[in-house]
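Residue strings, one per chain:
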Amino acid sequence: MSWFSFHLQDFAFAFLSVLFESVPFLLLGALISGLIEIFVPARLMTRLLPKNPVAAVALSGLLGAIFPMCECGVVPVIRRLMQKGLPVSCAITYLLAAPVLNPIVAVSTYAAFRGQNPAEMTLWRLVLSYVVAVGVGLVVTRLRPAQFLHPRVVETLPGAATRRTAFRFSALTPAPAPALAGGAAAEAVAPFSREAAGGKGDGAAPAADDPLAAVLESDLAPPSFGRRLLTALQRGAEDFLDVAIFVILGAALASVFNTAVDQRIIELLAQNPWAAVGTLMLMAFFVAVCSTSDAFIAASLHVSIPWYARLAFLTFGPMFDVKLMFLYSLVFRRRFIVWLALGLFVAIGLICVRLSVLSL
Amino acid sequence: MQNRQFSRLLSALTLLVWSAVLLYFYFSGRLNEYLVGVYRPFVAVAGFLMLGLAGLMLVGLRRENPATPTLADDLALPRRSRAMQIFAFLVLVLPVASAVAVSSDSFSSSVVQHRGLVTDGANLPGGRLPTTPSTANAPAEPPLPGQSPAAADDTKLDVSQYLQTTPDGHLLVSVFDLLMAAPDDTLRPDFEGRTVELIGQYLPDTRNHADGSRFNLVRMYMVCCAADARPIAVSVEPPPTTTANSTAAAAASKPADMAWVKVVGKVQFPVENGTRTAVIRAESVAPSDPPAEVMLY
């Protein structure tokens, strides 16, 4: 049998199963992002996180324990959190860490590896994911958001942040809300005002010919709770459809790999430590399974595959797979996505090969 | 119709189509072949949510004065041309609708061969159970009050107490049961030498028994969704044939690849290639309807 044979029925079956698995969580993430946009005051993030960049990034890596999100749902959420003033470096740390550093994944990893040193495997997974996510976050603090964020996302950030480094609380003062009553209501609609003002986020007065600015200026009373909730839901639905296109592309590619490619090649390649780690990360990229259940797949791989290669699979997959590659293009520039993929691949690979001296 | 209204109409239609697909799969039971139980309710919830969101968008569209923008105006999203909106709508709807029409809710033998058959229970998720200390040299457990010492030693559970039997007295088992029993010293004696009945998909063993002396009885074992399902199999020796005529008849009636068959036979657990493996010496192999749930979880 050849290493590649495509059957449309098999592809359709796998494609739908990946969609059914990911769509509910994607929708949840999108609705949360809509609620964040409308209800979370812009200054909240600056109040919650430490002022020190390193401490803030380190803390962001642990936020998944309080706000667990899977890798599909977290992308629309961080897009909104950045608009609400979460420093970009913290957002990226949360993006990479939250799908693994949460109680659900810890329990599922422990359950999947029972009989195979579950405590050690779970601990290594959590620690390695945290270290890598924080490492990326710290690297990103040195960059300007415009260097790696998608221009469309940069336009929605608080103005000065686009010109400075990726961690700058001082730059996150929201733009003055026009004519609306103060407090959370004013903060809640502040992003609209920035976008309406020409998308530069510089707090300039709303353009006279902008339709939304006209609404805001004429609408002196703060919007009612019901109206804001409806708005949040509509924004969530729009976010969902925006992201769903990329999930469809990712699911299609993952399904081709799942059904048309002979996966026994992986077991053959996995005999050498370097090849094993690299191959398992590539497998994680193409299989694109949810972080809540990937441990069961890693645990059931052939016994010849070493534990550190399984660890590489469990760390790399939730941070970068074929589905996420498309989703990330909503937030990041293409060049950054390539560098992120390479950086994660090399960093996780080197650490895991280095861990081969240990035996579990 | 203004661009904004057109965009919202397409969004509502997309949500309606997706909602219909999710709810149809959930309520028709087709979803059982795609996802494990724990994920299925989320699909139903997502289907209803999408339905509600589509309704909200359509109602808003009807009430909305096209000349008056609202807070929910799609300003944060890029302003797409009408052609791009239609393209996005097609990308969101066509692949899903086509997949629904094409999918047969099961995999072909090609996928089974690409993924490789698992015939060792220790290679299944959760198959490597915690090792229990050997009981051979362990001190005997004291009898319970009022219990004879002989009864205290008889701790083995009769397998028919936790597995169903047919009217003929055959144990109703699954491929998974036998795979898990093979490497387990405490479970194996419950099945060894017993006559069992099980359903699976027929796949010739072209790798190890190309002469047709055995075939694989396959089931797909799902951890999360069908995309990660792994084919698990037990080896089956077909019933012996005595004459040339019956051999020819047997060859003629050989099931098609991946056809559902019911096998009745005795279970043995020989060590083959260094691994304890489940093998069924079949007394009969007959075509069968698929089980209520095609996947094992």
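If you're wondering where the values come from, they're calculated on a predicted model, not measured in any experiment.

What counts and what doesn't
Residues numbered from 1 in each chain as written. Chains lettered and ligands numbered in written order. Predicted model: local features only at pLDDT ≥ 70, side-chain atom pairs only at ≥ 80, totals over all residues. Helix = DSSP H or I, 4+ residues; strand = E, 2+ residues; numbered from the N terminus. Contact = placed C-beta atoms within 7 Å. Axes fitted to C-alpha atoms, helices over the stretch in contact; angles between N-to-C directions. Parallel < 35°, antiparallel > 145°, perpendicular 65-115°, else oblique. Left-handed = near helix turned anticlockwise from the far one by under 90°. Nonpolar A, V, L, I, M, F, W, Y, C, P; charged D, E, K, R; others polar. Domains from an automatic or database assignment. Expected span 1.5 Å × (residues − 1). Bend = angle between axes of the 7 residues up to and from the residue.

Caption draft 1: View of the overall build of chain B. Across its full length, chain B holds 8 helices and 9 strands. The long-range fraction of contacts in chain B, counting pairs at least 24 apart against all pairs at least 6 apart in sequence, stands at 66%.

Caption draft 2: Region of interest: the overall build of chain A. Helix and strand content of chain A: 19 helices and 0 strands. Partitioning the intrachain contacts of chain A with sequence separation of at least 6 by distance along the chain shows that 80% fall at a separation of at least 24.

Caption draft 3: Summary view of the packing of helix 7 (residues 118-141) of chain A against helix 19 (residues 334-354) of chain A. All names here are of chain A. The N-to-C vectors of helix 7 and helix 19 enclose an angle of 140 degrees; their axes lie 11 Å apart at closest approach. Classified by the angle their axes make, helix 7 and helix 19 are oblique. Helix-helix and strand crossings are classified by hand; for helix 7 and helix 19 the assignment is right-handed. Side by side, helix 7 and helix 19 meet where L128, V132, G135 and V136 of the first sit next to G343, L344, A347, I348 and I351 of the second. Looking at the contact of helix 7 with helix 19, its residues break down into 7 nonpolar, 2 polar and no charged.

Caption draft 4: Here's a closer look at the domain arrangement of chain B. Residue and element names in this part refer to chain B. With domains assigned, chain B is organised as domain 1 (3-102) and domain 2 (109-128 + 156-296). Listed as interface residues are 5 residues of domain 1 and, on the opposing side, 8 residues of domain 2. Its residues placed into classes, the side of domain 1 that touches domain 2 shows 3 nonpolar, 1 polar and 1 charged.

Caption draft 5: How the structure looks around the packing of helix 13 (residues 225-260) of chain A against helix 3 (residues 82-102) of chain B. For the pair helix 13 of chain A and helix 3 of chain B, interaxial distance at closest approach is 10 Å and the crossing angle is 50 degrees. As far as their axial angle goes, helix 3 of chain B and helix 13 of chain A are oblique. Remark: the crossing between helix 13 of chain A and helix 3 of chain B carries left-handed chirality. In this structure, helix 13 of chain A uses L241, A244, I245, I248 and A252 of chain A to contact helix 3 of chain B, whose residues at the interface are A88, V91, L92 and P95 of chain B. Class assignment for the residues of the contact of helix 13 of chain A with helix 3 of chain B results in 9 nonpolar, no polar and no charged.

Caption draft 6: View of helix 13 of chain A. With 36 residues, helix 13 of chain A extends 51 Å from end C-alpha to end C-alpha; this agrees with the ideal 52 Å at 1.5 Å per step. Where helix 13 of chain A bends most, at A244 of chain A, the angle is about 30 degrees.

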